[in-house]
Each structure stands twice: as C-alpha cells, then as structure tokens.
Amino acid sequence: MEFNKILIVRLSAIGDVINTIPALMALRQNFPKCLIGWVVEDKAQDLLTGLPLLDKVFVWHRRGNQKITDTLGLIQELRRHKFDIAIDFQGNLKSGLITSLSGAKTRVGMKPAKEGNALFTNLKVALPDKKINRVERNLYILKELGINTDALDWKKIPALSGPDDESYIDKFLAANNSSNKPVIILHPGTSEFGLFKRWAPAKYAQLADRLTEELKAICIISWAGKEKSLAESIAKQMSHKPLIFPEQLSLNKLAALIKHSHLFIGSDSAPLHLANLLGVNVLGLYGPKDPAVYSPYLPPDTAHKVVIIRKDLPCSPCQKRRCDKPVCMESITVEDVFQKSIQMMGK
C-alpha cells in the first residue's frame, strides 16, 4: 500500500496513546515522506506535540462549553488535509465517528469492534482469537494492511521530553540527589476509572522505607490529577522522607524524570507504560487486569526488564468496572515487591 497522508485515531486513554506510539514508529519507518497526523484528546496532547515522527496533532476537546464548536472545527480541519487513510486504533463510538467524518478514503477499523464502531469504517482487520498485548494488537493491524512491522527499530524511541523538561528535572535531581543514589519511582495512582487497581498506600510506605534503608535509594512518589493527597498520605506513613513534586508534572517532564530512574513501580497506569516505552526497568502490580493484554510490552532483544507481580486467584483477572474487595491487589505483599525490586536493581 502507498499513501501520501495517514491519519491515526487514538483519542484516549493516555496509557493507550503511549501504547500506540510503536505503531506510529512503524508507519514513519515505512513511509518516511508521508504526512502523518494523529487525533488525540486534549489530556494526552502534550505527549504528542513536538514529536518528531508526527507532522500534525489534531486535538479533540472532550469537555468544555465549546465542545460542539471545537468538534466541528476539528472535522473541518481534518477534511482539509484530505487523508488517504485513517486508522482507528481505539474501536469505539467516538473514535469511529471521528474516523468517518475525517473524510479519509480508506477508514480502517478492527473486527470485532464495540459501540457500533463497525458502522464507520470500510476496511476491517479481523483480530486474532487469542489474547494479544495492546501494543502487539496495534502492530498486527498494520501488518494486516501489508505494512512491515518486523523490522521496527525499538532502539529509536522518539524523544518525549524537550530541553526545558530535561533541564527542569536535572536541576531538581541535582538539588535533591547530590550523592547520586539510585532513583526509584513509585506511582501509586491510577485513573479514577480504575481505583480498584491500586495497591494500598500503607504498603507503598513500607516498601519505600525498605528501599531507602536497604537499597540506599532515593524514592520519588509521582502523582497526577487528584492524586497529590494520595502521595502525601504515603509520605506521612514513612520513616524516611521521599521526594514529591509540589506541582503536577507535565507528561513531558514526567518522561524526563523517568529517564533518570533505575526502577519504576506501580499498578497498570499510563506512567507505567511510559516508563516501559522509555526503556526503564518496570515492576508492575496487577490484579483485575489481565497482564497478557494490559501489561507493558517487552520487545525482543530489549535491555530493560519488565516484571509483573500478580496472585493466581479464581477471580483474577476479571471484567469488573469496580470492586469493593480487590483481594487480587490486597494479596500482593510488601515482601513480594521488595524481593523483586532487589533482583531488578541487581542487588
């Protein structure tokens, strides 16, 4: 297939946007002179804006008084670009509508799809019957379109942080880690939608104290959105003072910070997948979500490690939207996570 203009449609969530970046890499590798655009929700736009592999970022504002006006303006702008193909990596109603209204001649979707998405695409890729990681699924769609993904160079991850972001983090670490101790990031939060995926704050506090005492590490508790109080509650339960940023980091600054870390620990969340994409050792705590589908994807011949801790329980994984008694997460002990941390830090 030959194209002059390609449109990626992956609006949300931030973790899924991150997991679509390898597909962007494959598209750019196969079509170096092609114009490539991406439609994304405003909450994830910072991650894509300025990305050297992209020519244009189209932002869909999910909320706000001007939502209808903004959406009409977005559709008009998409149509002006006259895309040859739009690839819907999301597969729901809103992504299908945008894909259809983009005016692209070829509108690629997946089969099966949800929320009536199939009504808006004219070329459907049948997904494998087996469980498949989200990154692999995105690359599979391209492969079924005849686009080579086997030669993808995983060492050429695009820069997700700029010079100002790097400078900000360099100054922060110079002021707070003058002895150059190993940096371990703990991210206790998840989306509001996935609160039952979280590990207990008290356990994070115990873990961070042990990492500080026994591994002589600097522990940074990262947070986003409404999670600052969660990070602070962990710090209050600790004997050793961790580092917590007073203001929310942008996704770009978070990427710059993660690049300086030796280990990232957290539940299934966007920062966890960001750390993996950046080639940092990742220790994922999983319960409700199936790691076969939702764990960070580890490409072949990769230097960093991805380790998943989960308990083999009859109820895990599950398809629940909420759970009042997430035994799967409660069963993960501090000792479980600490011992894996030691192994991943090479201690």
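Let me begin by describing the structure that accompanies this report. (Residues numbered from 1 in each chain as written. Predicted model: local features only at pLDDT ≥ 70, side-chain atom pairs only at ≥ 80, totals over all residues. Heavy atoms only, no water.)

So, on to the environment of glutamate 214. In this structure, glutamate 214 sits in helix α8 (residues 201-214). Judged by its relative accessible area of 44%, glutamate 214 falls in the partly exposed class. Here the alpha-carbon distance between glutamate 214 and tyrosine 286, two residues 72 residues apart in the chain, equals 25 Å. (Helix = DSSP H or I, 4+ residues; strand = E, 2+ residues; numbered from the N terminus. Buried < 20%, exposed > 50% of the residue type's maximum accessible area, 1.4 Å probe, protein only.)

In an α-helix, one turn spans 3.6 residues, which is why side chains three or four residues apart end up on the same side. Of all nine residues in helix α10 (residues 251-259), seven are buried; the element is thus mostly enclosed. All of the buried residues in α10 are Leu251, Asn252, Leu254, Ala255, Ala256, Leu257 and Ile258.

A few words now on the layout of surface pockets. It is the rolling of a water-molecule-sized probe over the atoms that shows where space remains empty. Here the second largest pocket defines a volume of roughly 650 Å³. Together, 31 residues line the second largest pocket, and Leu152, Trp154, Tyr297, Pro299 and Pro300 are the ones closest to its centre. Sorting the residues of the lining of the second largest pocket by element identifies α6 (134-144) and α11 (270-277) as the ones contributing at least two each. Residue contributions to the lining of the second largest pocket peak at five residues, all from α6. For the lining of the second largest pocket, the per-class residue count stands at 16 nonpolar, seven polar and eight charged. (1 Å grid on protein atoms, 1.4 Å probe; cavity = no way out; pocket = protein on both sides within 12 Å on 5 of 7 lines; lining within 4 Å. Points joined across faces, edges and corners; volume = space filled by probe spheres on them. Nonpolar A, V, L, I, M, F, W, Y, C, P; charged D, E, K, R; others polar.)

Before going further, it helps to examine the pattern of salt bridges. For the structure on display, the rule yields 16 salt bridges. For arginine 10, the salt bridge identified is with aspartate 16, shortest N-O distance 3.4 Å. According to the relative accessible area criterion, arginine 10 is buried, its value standing at 7%. A salt bridge links arginine 210 to glutamate 335, with the nearest nitrogen and oxygen atoms 2.6 Å apart. (Salt bridge = Lys/Arg side-chain N within 4 Å of Asp/Glu carboxyl O.)

You can see alanine 205 is positioned in helix α8. When neighbours within four sequence positions are excluded, alanine 205 is seen to be in contact with Ile234, Gln237 and Met238. (Contact = heavy atoms within 4.5 Å.)

Turning to helix α9 (residues 228-236), its buried residues number three or more, namely Leu230, Ala231 and Ile234. Down the axis of α9, the buried side of the element spans an arc of 100°, and every buried residue falls inside it. Opposite its buried face, α9 presents the exposed residues Ser229 and Lys236, each directed more than 90 degrees away. Contacts from the buried residues of α9 go to α8 and β8 (218-221). (Arc of directions from axis to C-beta.)

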